[in-house]
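Observations on the model geometry
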Amino acid sequence: NVVWGEMVGLFFADVVSARDMHEFILPEFDMMRIPQWAARAEYFKDDFHAELVLIPVASYDLIGKPGADFYPWQLQPPGVKVVYRNEDLPSKTIDNMNYGIRLSVLKNGWDVSGFAYSSMDITPTFYRDAVSIPGTYIYRAKHDRIEQYGGTVAKDFGDVVLKSEMVYTHGRQFAVLRASDNNGVVPQNTLDWAIGLDFPLPADTRFNVQFFQRRYFSHDSDLMADAEENGYSLLLNHKFNDKLEAQITWLSSLNRTDWLFRPRINWNFERNWRLAVGADIFNGPKFG
């Protein structure tokens with residue numbers, strides 16, 4: 001696993017490892033990431049770190065099967081039948097290898113990194129065929145080559161820790177609602193960024209707040225998403241003792257009424273053993 005991101009509960013700069021998305025973002029990230037064969041070279045000098053990554057045969061997000069709870073929803077107008085073809089995975093050739101470089105430095109308490117990464121997109125794009133069979137939308141998930149440039153920043157201010165991430169993505173395709181579009185997708189360059197603060201509170205309690213945004217450049221008016229998609233998250237964690245802790249997480253959009261509430265209790269009752277009890281509560285419009 002190659003981990004480049006540090007935000008709580010969401011992926012931003014963590015662009016290298018593919019993920020098991022059968023249960024959306026609900027499992028722990030260490031369980032979601034899909035291990036893959038890779039070559040990595042690292043260089044260290046004082047507080048500077050350079051990292052080169054080459055992935056000859058990439059892994060891709062596991063999205064499950066059509067009809068599953070978290071399978072990516074696609075447009076289905078009234079009276080139109082929808083058919084899903086098998087996912088079109090990139091061939092195992094040199095042209096489809098993933099590679100990137102990441103540089104980081106620690107200076108005056110500022111932990112700063114920057115990266116450039118070229119890859120076959122780990123997230124599939126659903127191309128639409130509305131011509132072959134009249135009255136039927138045929139969808140096939142494909143993976144395009146994308147270029148991503150980004151970075152992370154972390155700094156402690158006394159007991160408070162600031163973290164931020166940013167990723168610019170070029171070459172990714174996004175679904176559009178208009179039925180007249182030939183393949184149902186349009187290219188859109190995006191900027192994803194997030195900023196968060198972590199506060200220690202009395203009685204072994206921690207509070208984290210984050211704001212995040214995706215901005216679409218040259219926004220197509222028929223995208224399902226707004227030109228700027230904004231959201232925030234809140235996390236409150238309390239440790240009762242060395243073995244028992246409780247946590248609640250809240251994730252919400254600022255553009256609409258979608259939210260996710262996650263209460264949880266962890267009991268580390270023995271070494272290498274943990275019992276977790278919790279719930280994942282969603283709210284929002286049917287196609288939110």
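Residues numbered from 1 in each chain as written. Predicted model: local features only at pLDDT ≥ 70, side-chain atom pairs only at ≥ 80, totals over all residues. Heavy atoms only, no water.

Time to look at the overall build of the protein chain. When you go through the protein chain residue by residue, the secondary structure sums to 1 helix and 18 strands. In summary, the protein chain has a C-alpha radius of gyration of 21 Å against a globular reference of 19 Å for 288 residues, a match within 12%. Each of the three principal axes of the protein chain carries a C-alpha extent, and together these read 65 × 45 × 40 Å. Expressed as a percentage of its 288 residues, the buried residues of the protein chain come to 39%. For the protein chain, the proportion of contacts with a sequence separation of at least 24, taken over those separated by at least 6, is 52%. Total accessible area computed for the protein chain in this model is approximately 16,400 Å², and 57% of it derives from carbon and sulfur atoms. (Helix = DSSP H or I, 4+ residues; strand = E, 2+ residues; numbered from the N terminus. Rg over C-alpha atoms; globule rule 2.2 N^0.38 Å. Buried < 20%, exposed > 50% of the residue type's maximum accessible area, 1.4 Å probe, protein only. Contact = heavy atoms within 4.5 Å. Areas by Shrake-Rupley, 256 points an atom, 1.4 Å probe, with all protein chains shown as cover.)

With respect to the helices and strands, the residue Gln74 is situated in the loop between strand E2 (48-55) and strand E3 (81-84). We classify Gln74 as buried; its relative accessible area is 8%. A polar contact is formed between the side chain of Gln74 and the backbone oxygen of Pro72, at a distance of 3.4 Å. Once residues within four sequence positions are removed from consideration, Gln74 is found in contact with Tyr84, Phe126, Tyr139 and Ala175. (Polar contact = N/O pair within 3.5 Å; in protein donor to acceptor, adjacent residues only side chain to side chain.)

For the rest of this paragraph, the subject is the pattern of salt bridges. Summed over the entire model, instances satisfying the criterion amount to 16 salt bridges. One salt bridge connects Asp14 with Arg33, and the closest N-O pair in it is separated by 2.5 Å. With a gap of 19 residues between them, Asp14 in the segment before helix H1 (29-32) and Arg33 in the loop between H1 and strand E1 (39-45) connect regions that are remote in the sequence. Like Asp14, the residue Arg33 is buried in the burial classification. Asp61 serves as the salt-bridge partner of Arg19, at 3.1 Å between the closest nitrogen and oxygen. Within this pair, whereas Arg19 is found in the segment before H1, its partner Asp61 is found in the loop between E2 and E3, the two being separated by 42 residues in sequence. (Salt bridge = Lys/Arg side-chain N within 4 Å of Asp/Glu carboxyl O.)

Counting across every chain of the model gives 22 aromatic pairs. For the ring pair Tyr71 and Tyr84, a centre distance of 5.4 Å and an interplane angle of 90 degrees mean the geometry is edge-to-face. One end of the pair, Tyr71, is in the loop between E2 and E3; the other, Tyr84, is in strand E3, with 13 residues separating them in the sequence. Its relative accessible area of 13% is what places Tyr71 among the buried residues. For Tyr84, a relative accessible area of 27% puts it in the partly exposed group. For the pair Tyr168 and Phe217, a centre-to-centre distance of 5.9 Å together with 65 degrees between the ring planes defines the contact as edge-to-face. Of the two residues, Tyr168 sits in strand E9 (residues 160-170) while Phe217 sits in the loop between strand E13 (205-216) and strand E14 (228-239), which places them 49 residues apart along the sequence. Judged by relative accessible area, which is 29%, Phe217 ranks as partly exposed. (Phe/Tyr/Trp six-rings, centres within 6.5 Å; stacked < 30°, edge-to-face > 60°.)

Geometric descriptors of this kind do not, in isolation, establish any biological role.
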